[in-house]
Amino acid sequence: ATGGGILLPDQSKERPTEGEVVAAGPGKLHPHTGTRITNPVTAGVNVLYGKFAGTPLNYNDEDMQMIRDDDIMLYYDGVSMTRDNVVPVRDYVLVELEEQKLTTSSGIVVASAVTKDLEPCEGIVVKVGEGRMTSSGEFSEAPVKVGERVKFKDYAGNDVKIAEKKYSLVRMVDILCSVEA
């Protein structure tokens, strides 16, 4: 793996954005201060990373995917993701999405065909990452807390299904507002 990279076996046919970490570098250096920004994962954990992240490569006659530590959205131990074992990385927040309402507050029923292409962009925070890494190597405090209702930018979230429930992984900077639920 490279200085901040992570090496994953290729599982692109079954789960294109998920895999077990085979090797991980120590992290990268902040470009202005030289402070080490540690890698959030180690060999043996499973990760979920962005759809378009990574470079395919062949290592020891196995197809692998090399990804940057910045491309990891969450990690977990075990065979599959559960709400209890997933950990959002750095400035990611795991938001439980709510079913879209097909009836307005005044009683008007909206056809499901009208809302089928709309991406949900609000829900309840269930997990919060450690925060965004500053140039001094400290983590900034998360602007939201578990249990708060949040609204985030349209199409900003990364959909993930955990135990048949719909969630979205959202960067903290994409959260527009939060209120206590």
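This one's a predicted model, so the numbers in the text were calculated from it and none came from an experiment.

Criteria and cut-off values
Residues numbered from 1 in each chain as written. Predicted model: local features only at pLDDT ≥ 70, side-chain atom pairs only at ≥ 80, totals over all residues. Heavy atoms only, no water. Helix = DSSP H or I, 4+ residues; strand = E, 2+ residues; numbered from the N terminus. Buried < 20%, exposed > 50% of the residue type's maximum accessible area, 1.4 Å probe, protein only. Contact = heavy atoms within 4.5 Å. Pairing = 2+ DSSP bridges. Axes fitted to C-alpha atoms, helices over the stretch in contact; angles between N-to-C directions. Salt bridge = Lys/Arg side-chain N within 4 Å of Asp/Glu carboxyl O. Polar contact = N/O pair within 3.5 Å; in protein donor to acceptor, adjacent residues only side chain to side chain. Core = buried A, V, L, I, M, F, W, Y, C linked by side-chain atoms within 4.5 Å.

### Concerning the overall build of the protein chain
Across its full length, the protein chain holds one helix and 16 strands. Put simply, the protein chain has 181 residues, and 38% of those count as buried. Taking all contacts inside the protein chain whose residues are at least 6 apart in sequence as the whole, residues at least 24 apart take part in 59%.

### Considerations on the sheet that holds strand 11 (residues 92–97)
Pairing is antiparallel in the open sheet, where six strands are placed in the order 14-15-11-12-13-16. Here the strands that pair on one side only, and so sit at the sheet edges, are strand 14 (158–162) and strand 16 (175–180). The average undirected angle you get between the axes of adjacent strands in this sheet is 40°.

### Overview of the pattern of salt bridges
As enumerated under the stated definition, the model contains twelve salt bridges in all. For Lys-28, the salt bridge identified is with Asp-69, shortest N-O distance 3.8 Å. Of this pair, Lys-28 sits in strand 4 (residues 27–29) while Asp-69 is found in the loop between strand 8 (62–68) and strand 9 (72–76), placing the two residues 41 residues apart along the sequence. For Asp-69, a relative accessible area of 2% corresponds to the buried category. The partner of Asp-70 in a salt bridge is Arg-90, and the shortest N-O contact between them spans 3.7 Å. Of this pair, Asp-70 sits in the loop between strand 8 and strand 9 while Arg-90 sits in the loop between strand 10 (86–88) and strand 11, and the two are 20 residues apart along the sequence. If you follow the salt bridges from partner to partner, you end up with Lys-28, Arg-68, Asp-69, Asp-70, Asp-71 and Arg-90 in one network.

### Points about the sheet that holds strand 10
The strand order 2-6-9-10 describes an open sheet built from four strands, whose pairing is antiparallel. Where the open sheet ends on each side, the last strands, each with one partner, are strand 2 (18–20) and strand 10. Neighbour-to-neighbour, the strand axes of the sheet open up by a mean angle of 25°, direction not taken into account. The sheet contact formed by strand 6 (residues 46–49) and strand 9 spans four bridges and is antiparallel.

### Regarding the pairing of strand 7 (residues 55–59)
In the sheet, strand 7 pairs with strand 8 via five bridges, with the strands oriented antiparallel. Note that in strand 8 the partner of Thr-55 across the bridge is Met-66. Count of turn residues in the strand 7/strand 8 antiparallel hairpin: two residues, of which Asn-60 carries a positive phi of about 50°.

### Concerning the side chain of Glu-96
With respect to the helices and strands, Glu-96 occurs in strand 11. A residue is classified by how much of its surface remains accessible, and Glu-96, at 16% relative accessible area, is buried. At a separation of 3.1 Å, a polar atom in the side chain of Glu-96 contacts the side chain of Arg-83. Here Lys-165 takes part through its side chain, which lies 2.4 Å from a polar atom of the side chain of Glu-96. When neighbours within four sequence positions are excluded, Glu-96 is seen to be in contact with Arg-83, Glu-122, Gly-123, Ile-124, Val-126, Lys-165, Lys-166 and Tyr-167.

### What to know about the nonpolar core
By size, the foremost hydrophobic cluster in this structure holds 13 residues, and its most contacted members are Leu-74, Met-81, Val-86, Leu-94, Val-160, Ile-162 and Leu-169. When contributions to this core are tallied by element, the ones reaching two or more residues are strand 9, strand 11, strand 14 and strand 15 (165–171). Top contributing element to this core by residue count: strand 9, with three residues. Residue contacts for Leu-74: discarding those within four places in its chain leaves Asn-46, Val-47, Leu-48, Met-81, Val-86, Val-87, Pro-88, Val-89 and Leu-169. Val-95, Ala-142, Phe-152 and Val-170 belong to the second largest nonpolar core, which has twelve residues in total.

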